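Overview (structure and organization)
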Amino acid sequence: LQSSSLPVCLRLSMGKASRNTQGRPNPAAVNNAPKQASIEDKKTVAEKEAKFLAALQQLVGKDIELTEDKVREVIATLTPEQRAELCAEGQDLREELVSGDHEEEMQLFRSELNNRAEKHDLPVEKDGEHLYKKITSFMQQSNSSIPHLYVLESAVSSPYLVKLALTEAREASPRAEPADLDAIEAECVRLKIPGWCDGEADGRPPFVRRNLLLIEYQMNMTRMPSVQLGKSAGMALAELAAKVRRLLDMLFKFCLQNRWVKAALTVTECQAMVLNGLWDQNECRELMRTKLADNGLKLPKLVLNARAADVRPKEKVMIKVEVTRVHCYTEEEMAKYKNTLTEGECETREGWWMIAESLRNNGKNDATHKSGQVVPNALVGWQAMGPALDAPTMTCEFEFEAPETPGEYKIMVHVRSSGTVGVDVRRKVSFQVLPTKRVAAMSSESSELAFGDPEETGSGVTVDDVPPLEEHEEPPQLTTTMPN
């Protein structure tokens, strides 16, 4: 959607210019009331628009008129790198539209994006609102990890997937027969899958039941050999699974933008389980190993190291992360793998999310403010990594401003895969915020790097207790620009 929003920015800029030249009074001339600051703000907006339009003009051609159709035509031919450059040129204008007083333009912007999304069978704004309400409702009550069932049920009850369930009434649509759903539910009860025991399914709307049962089958079909779906039900399952993955992708990015770290971590697990047809991060490691081996790949094994130096209040904290890929492919393994590729097929690259979580609690499930409100752990940084199969390591850095209150602070660094089950790692790293008083020299102890306790892939080791932040203290804030 970000790339497709470029013509919208063009329309907004051109539309605004045309309205200002068709009899609308100059805002600076009305009663001579606006302040100089307001004039400067408008000048800044105009400069941002001019910068974006100049970048578009360069792509379209110097002597070619900037029309919406022409811009769409050119953007369709851009490489991913060119699209990224153009998005960067329009970033200031996009931020101005979002944060400034541009209600009319924003309505047009949102309407355009929603119309395009719906046209291409993608989630729209009301789906984001639905997921927002679900996730925030849970976070207001607990700082615990969000259960997989809660995330999946939130997704399958979205308007995007409700519409899919309702289309079964049409003859031409793939259909999951009632007998298929009943058979899946019986297996869910037999396997004691959360959400289907002791009356937990009572009162669930039919369309949510339909969607949730099909997704449960997608993740548990190897444990449900007695269930044999017909061709139509199989098509319905494939369509639903693809759209659930699409919604989870949307939700994950939404979690990152809102710094919902617990939700983001759960979503990556759901993404991997739905994609691979597996039901648990720990129980399914060997099944995941087999699936990868069938495609000439190895199950990832990572060792994570993270370190941070002590700082003074308001100084920059730098967390340096290095991940050793123990499963790094040798030359012989790479040659063997390449022989399995078909003509024109690209080599696989692994995908990882590096996520830094500011820990608030003290070994408890919840961190609660003195007002009684649950205060969740916060995301202080994230990066995407895509190493080649023969890359020995991955490295990244997280930088943010240190809190004002002296004391010990702890960050949990997570390495997450949204495409492979049972390979995530995490490591805790601590740093001291030292008092602000002047000292002749820092002790060697305070200047040493602080290392967390390492955890290897799939170890599931529980971390030790973590001192809480002060009740009035905000978690460390990320100050660098994060990737889109």
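First, a word on what this report is: a plain description of the structure on this page. Every value quoted in this text rests on a predicted model; they were computed, and no experiment measured them. (Residues numbered from 1 in each chain as written. Predicted model: local features only at pLDDT ≥ 70, side-chain atom pairs only at ≥ 80, totals over all residues. Heavy atoms only, no water.)

1. Considerations on the packing of aromatic side chains
How two aromatic rings sit relative to each other is given by the distance of their centres and the angle of their planes. The full count for this structure, using the stated rule, is eight aromatic pairs. With a centroid separation of 5.5 Å and 40° between ring planes, the pair formed by Tyr132 and Trp260 is classed as tilted. Of this pair, Tyr132 sits in helix α7 (residues 125–139) while Trp260 sits in the loop between α12 (231–257) and α13 (261–276), and the two are 128 residues apart along the sequence. Assessed through its relative accessible area of 38%, Tyr132 is described here as partly exposed. Overall, the relative accessible area of 8% leaves Trp260 in the buried class. With a centroid separation of 5.9 Å and an interplanar angle of 20°, the aromatic rings of Tyr409 and Phe431 are classed as stacked. Placement of the pair is Tyr409 in strand β6 (residues 407–416) and Phe431 in strand β7 (residues 425–433), with a sequence separation of 22 residues. (Phe/Tyr/Trp six-rings, centres within 6.5 Å; stacked < 30°, edge-to-face > 60°. Helix = DSSP H or I, 4+ residues; strand = E, 2+ residues; numbered from the N terminus. Buried < 20%, exposed > 50% of the residue type's maximum accessible area, 1.4 Å probe, protein only.)

2. Brief notes about the side chain of Asn211
Its place among the elements puts Asn211 in helix α11 (residues 206–220). Given the relative accessible area of 0%, Asn211 is considered buried. For Asn211, the contacting residues outside a window of four places in its chain are Val156, Leu161, Val162, Ala165 and Leu240. (Contact = heavy atoms within 4.5 Å.)

3. Points about the sheet that holds β7
Strand order in this open sheet of four strands is β4-β3-β6-β7, and the pairing throughout is antiparallel. Each end of this open sheet is capped by a strand with a single partner; those strands are β4 (378–385) and β7. Within the sheet, the average angular offset between the axes of one strand and its neighbour, ignoring direction, is 20°. With six bridges connecting them, strand β3 (residues 352–358) and β6 associate as antiparallel partners. Counted as the bridge partner of Ala356 is Val413 from β6. (Pairing = 2+ DSSP bridges. Axes fitted to C-alpha atoms, helices over the stretch in contact; angles between N-to-C directions.)

4. Describing the packing of α11 against α13
One can describe the packing of α11 onto α13 by two numbers: an axis separation of 7 Å at closest approach and a directional angle of 75°. If you check the angle between α11 and α13, you find them roughly perpendicular. Counted together, Ile215, Gln218 and Met219 of α11 and Met273, Val274 and Leu275 of α13 form the full contact between these two elements. Considered class by class, the residues forming the contact of α11 with α13 number five nonpolar, one polar and no charged. (Parallel < 35°, antiparallel > 145°, perpendicular 65-115°, else oblique. Nonpolar A, V, L, I, M, F, W, Y, C, P; charged D, E, K, R; others polar.)

5. Re the pairing of strand β1 (residues 302–308)
Counting buried positions along β1 yields five of seven residues, so the element is predominantly enclosed. The sheet contact formed by β1 and strand β2 (residues 316–325) spans seven bridges and is antiparallel. Counted as the bridge partner of Leu304 is Val323 from β2.

6. Structural notes on the environment of Gln432
By the element assignment, Gln432 lies in strand β7. Residue classification places Gln432 among the partly exposed residues on the basis of a relative accessible area of 30%. Measuring from C-alpha to C-alpha, the distance between Gln432 and Ala402 comes to 9.4 Å, with 30 residues separating the pair along the chain. Dropping the residues within four chain positions of it, Gln432 is found in contact with Asp310, Val311, Gly407 and Glu408.

7. Side note on the side chain of Thr268
Relative to the helices and strands, Thr268 is located in helix α13. By relative accessible area, Thr268 is classed as buried at 0%. Filtering out sequence-adjacent residues up to four positions away, Thr268 remains in contact with Phe252, Arg416, Ser417 and Ser418.

8. A few points about the pattern of salt bridges
Enumeration over the complete set of coordinates arrives at 17 salt bridges. Across the pair Arg416 and Glu269 runs a salt bridge whose closest N-O atoms are separated by 2.8 Å. You can see Arg416 sitting in strand β6 and its partner Glu269 sitting in helix α13, a full 147 residues away along the chain. Considered together, Arg416 and Glu269 belong to a single accessibility category, that of buried residues. Put simply, Arg416 and Asp424 hold a salt bridge, and the shortest N to O gap is 3.5 Å. You'll find Arg416 and Asp424 in the same group, each marked buried. Through salt bridges with shared partners, one network takes in Asp121, Glu239 and Lys243. (Salt bridge = Lys/Arg side-chain N within 4 Å of Asp/Glu carboxyl O.)

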